Amino acid sequence: MNDNVIRRALLSVSDKTGLADLGAALAARGVELVSTGGTAKALRDAGLTVRDVSDLTGFPEMMDGRVKTLHPKVHGGLLALRDNPEHVAAMDAHQIGAIDVVVVNLYPFEATVAKGASRAEVIENIDIGGPSMVRSAAKNHGFVTILTDPADYATLLAEMDANGGATTQAFRTRMAGKAYARTAAYDAAIASWFAFSPAASDEPTLFPETLPLAFRRADTLRYGENPHQNAAIYVPQVAGTAGVPQAAQLQGKELSYNNLNDADAALELAAEFAGQEPAVVIVKHANPCGVAQGGSLLAAWEAALACDSVSAFGGIVAVNTELDAATAEAISAIFTEVVIASSVSAEARAIFARKKNLRLLECGALPNPRRGGLALKTIAGGVLIQSRDNGAIAADDLKIVTKRAPTEQELKDCLFAWTVARHVKSNAIVYAKDGATAGIGAGQMNRRDSARIAAIKAKEAAESHGWPAPRTVGSAVASDAFFPFADGLLAAAEAGATAVIQPGGSIRDDEVIAAADAAGLAMVFTGMRHFRH
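Presented here is a report on the structure given in the accompanying data block. If you're wondering where the values come from, they're calculated on a predicted model, not measured in any experiment.

## Comments concerning the overall build of the chain
- If you tally the helices and strands in the chain, you get 19 helices and 21 strands.
- Its C-alpha radius of gyration of 30 Å places the chain more than 25% over the 24 Å reference for a compact globule of 533 residues.
- For the chain, the spread of C-alpha atoms along the three principal axes comes to 95 × 55 × 40 Å.
- Counting over 533 residues, the chain shows a buried share of 48%.
- Long-range contacts, defined as pairs at least 24 residues apart, comprise 56% of the intrachain contacts of the chain with a sequence gap of at least 6.
- Counting every atom, the chain has about 24,600 Å² of accessible surface; 53% of that belongs to carbon and sulfur.
- Of the charged side chains in the chain, 49 are positive and 58 negative; the average position of the first set lies 3 Å away from that of the second.

Encoded structure:
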């Protein structure tokens, strides 16, 4: 008879959160509890009567617990179609009792990998019996309820109370879908470990034949890039990642899709300056519009804002150190969407509290800009995947290609401009002087226009602040890719740049170098390109 009343429950959990309360609630509703190993012990310790799986199957748990639920009396009780006479007859003939609800969460494989466990320990945390029971119960969700998340325990009990001890088809279907998502993510984590981990394979690969990916939905968003688009944020299953999704939101409205995207761009650039003197990054539409370092965070903010105060309105601010009261007061003077810092002082929090809509995030550790991993981009009919652009250069990597070598200050400004340029959308041109951006040209179809736009912004900033000359005069200029013609470099020279940093590698490098020499510029090649589309 298909009445879906829960009479027998099989419980086998690694995460025992809420287990004793669930067991007691089921027992109070007349449900027989069947369990294994540590779960059975935890239930008995709570004073509950539990039947061992080995009693149900007639076989002891063996092989250090590797074999305990892989038995026809378990899977027959899960998979039998109870309105099918042949299935019912087989259950009677082989004394297989029906199992009405299965409560399983799996061995902590992801957490075991994340803590850097040995290969042997990781292998032992690959669950076999658990996923098998989950899949059997989920397949037969017409009759069996499967729970894989302690967050659903209360809903199960409410279902039973509302339906005479039974569960509804809608609830069982929802739980089955959730269960298969969990086993899919679990298998993806295991496959990823085998594919990418040196501990798992003698030949880990960056691009396996089948790419296993598993992410957990952290939140749904009000809308996407535009109001007619739907959106959500997903995070990796493995704990320990650092970024905007893991940051604590201290105040303000909920984060939008664009907030998250822009805050990520700002935080990634701020992380480039981790452990260095105070740095401030201002981002608008995922592009930096002002970046600076200074002797104090306030000084860095003032220099970053001065680069392009028009674009900074409604922008995103990230800093590389604790956010103090003086800087918070200065940031609060203009409209800012999001502020993110590794930590925020109590005084700064109080100041920002006056701006109720400003989203204030505290992220703790900054992400590692040199970390590995993959970057994904969907296209029609497929997905483009590449390794993250984590390349970096230092002063010793540079090749001086002009007659004049850069001065010590020009070299510092070159490296600063280069750091910023790798975070600007291509074609990217960045002027920098004394540890601050002087002008930024982003996303243009040719490099000359980027150079000119950045110079125009610098000229406007000078007029706005009453400076005698734009800060591009005496600056260093960075180009994310080589100058294909001398025109882009000459545009930078016209703006007053005295030093250039670029990858080199054009068939017209000699022409560009000659133009630099003629203009008295110092130029260095990095040998590394940083396109960002």
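## Observations concerning the packing of aromatic side chains
- By the definition in use, this model includes 5 aromatic pairs.
- Ring geometry for F109 against W193: centres 6.1 Å apart, planes inclined by 85°, an arrangement best described as edge-to-face. Here W193 lies in helix α10 (residues 169–196) and F109 lies in helix α6 (residues 109–114), a separation of 84 residues in the sequence.
- Judged by its relative accessible area of 1%, F109 falls in the buried class.

## Notes on the pattern of salt bridges
- A full pass over the atoms with the stated rule returns 22 salt bridges.
- A salt bridge links E362 to R349, with the shortest nitrogen-to-oxygen separation between them at 3.2 Å. Note that E362 is positioned in strand β13 (residues 359–362) and R349 in helix α15 (residues 346–352), a separation of 13 residues in sequence.
- Residue classification places R349 among the partly exposed residues on the basis of a relative accessible area of 35%.

## Remarks on a nonpolar patch on the surface
- A cluster of nonpolar side chains, L206, F207, L213, F215, Y234, L376, V383 and I385, forms an exposed patch at the surface whose accessible area comes to about 740 Å².
- Accessibility expressed as a relative area gives 47% for L376, which makes it partly exposed.

## A look at the packing of helix α18 (residues 486–494) against helix α19 (residues 509–518)
- Interaxial distance between α18 and α19 falls to 9 Å at its minimum, and their mutual angle equals 20°. Of the possible angle classes, the one that applies to α18 and α19 is roughly parallel. Where α18 crosses over α19, the handedness of that crossing is right-handed. Between α18, through A486, L489 and L490, and α19, the contact on the second element is made entirely by E511, V512, A515 and A516.
- Residues of the contact of α18 with α19, tallied by class, amount to 6 nonpolar, no polar and 1 charged.

## Side note on the side chain of R8
- Relative to the elements of secondary structure, R8 occurs in strand β1 (residues 8–13).
- R8 sits in the buried class, given a relative accessible area of 13%.
- Setting aside anything within four residues of it in sequence, one finds R8 in contact with V31, E32, V34, R51, L56, G97, A98, I99, D100 and V101.

## Examining the nonpolar core
- Counting 51 residues, the largest nonpolar core has L26, V102, I146 and L156 as its most contacted members.
- Ranked by residue count, the leading element in this core is α10, at 8 residues.
- Discounting residues that sit within four places of it in the chain, V102 has contacts with L10, L78, M133, A137, V144, T145, I146 and L147.
- Core analysis: the second largest hydrophobic core is formed by 45 residues, L269, I393, V420 and I440 among them.

## Remarks on the environment of K284
- Here K284 is to be found in strand β9 (residues 279–284).
- In sequence terms K284 and N259 are 25 residues apart; their C-alpha atoms lie 9.8 Å from each other.
- If near-sequence neighbours (up to four positions away) are discounted, K284 is found in contact with C289, S311, F313, G314 and G315.

## What about the sheet that holds strand β3 (residues 51–52)?
- Across the sheet, which stays open at both edges, the 5 strands sit in the order β3-β2-β1-β4-β5 with parallel pairing between neighbours. Looking along the sheet, the strands with just one partner apiece sit at the ends: β3 and β5 (145–147).
- Across 5 bridges, β1 lies against strand β4 (residues 101–105) in parallel orientation. Residue pairing for β4: V13 is matched across the bridge by N105.
- Sheet strands in contact with helix α8 (residues 129–139) are β1, β4 and β5, and its direction is about 145° off that of β4.

## Some points on the packing of helix α4 (residues 72–79) against α8
- Direction vectors running N to C along α4 and α8 enclose 25°, while the axes themselves pass 8 Å from each other. With respect to α8, the axis of α4 lies roughly parallel. On the side of α4, the interface is formed by V74, H75, L78 and L79, while α8 contributes S132, M133, S136, A137 and K139.
- When its residues are assigned to classes, the contact of α4 with α8 shows 5 nonpolar, 3 polar and 1 charged.

Scoring rules and cut-offs
Residues numbered from 1 in each chain as written. Predicted model: local features only at pLDDT ≥ 70, side-chain atom pairs only at ≥ 80, totals over all residues. Heavy atoms only, no water. Helix = DSSP H or I, 4+ residues; strand = E, 2+ residues; numbered from the N terminus. Rg over C-alpha atoms; globule rule 2.2 N^0.38 Å. Buried < 20%, exposed > 50% of the residue type's maximum accessible area, 1.4 Å probe, protein only. Contact = heavy atoms within 4.5 Å. Areas by Shrake-Rupley, 256 points an atom, 1.4 Å probe, with all protein chains shown as cover. Lys, Arg positive; Asp, Glu negative; His and termini not counted. Charge placed at Lys NZ, Arg CZ, Asp CG, Glu CD. Phe/Tyr/Trp six-rings, centres within 6.5 Å; stacked < 30°, edge-to-face > 60°. Salt bridge = Lys/Arg side-chain N within 4 Å of Asp/Glu carboxyl O. Patch = residues over 30% accessible without salt bridge, like charges linked within 9 Å, V, L, I, M, F, W, Y side chains within 5 Å. Axes fitted to C-alpha atoms, helices over the stretch in contact; angles between N-to-C directions. Parallel < 35°, antiparallel > 145°, perpendicular 65-115°, else oblique. Left-handed = near helix turned anticlockwise from the far one by under 90°. Nonpolar A, V, L, I, M, F, W, Y, C, P; charged D, E, K, R; others polar. Core = buried A, V, L, I, M, F, W, Y, C linked by side-chain atoms within 4.5 Å. Pairing = 2+ DSSP bridges.

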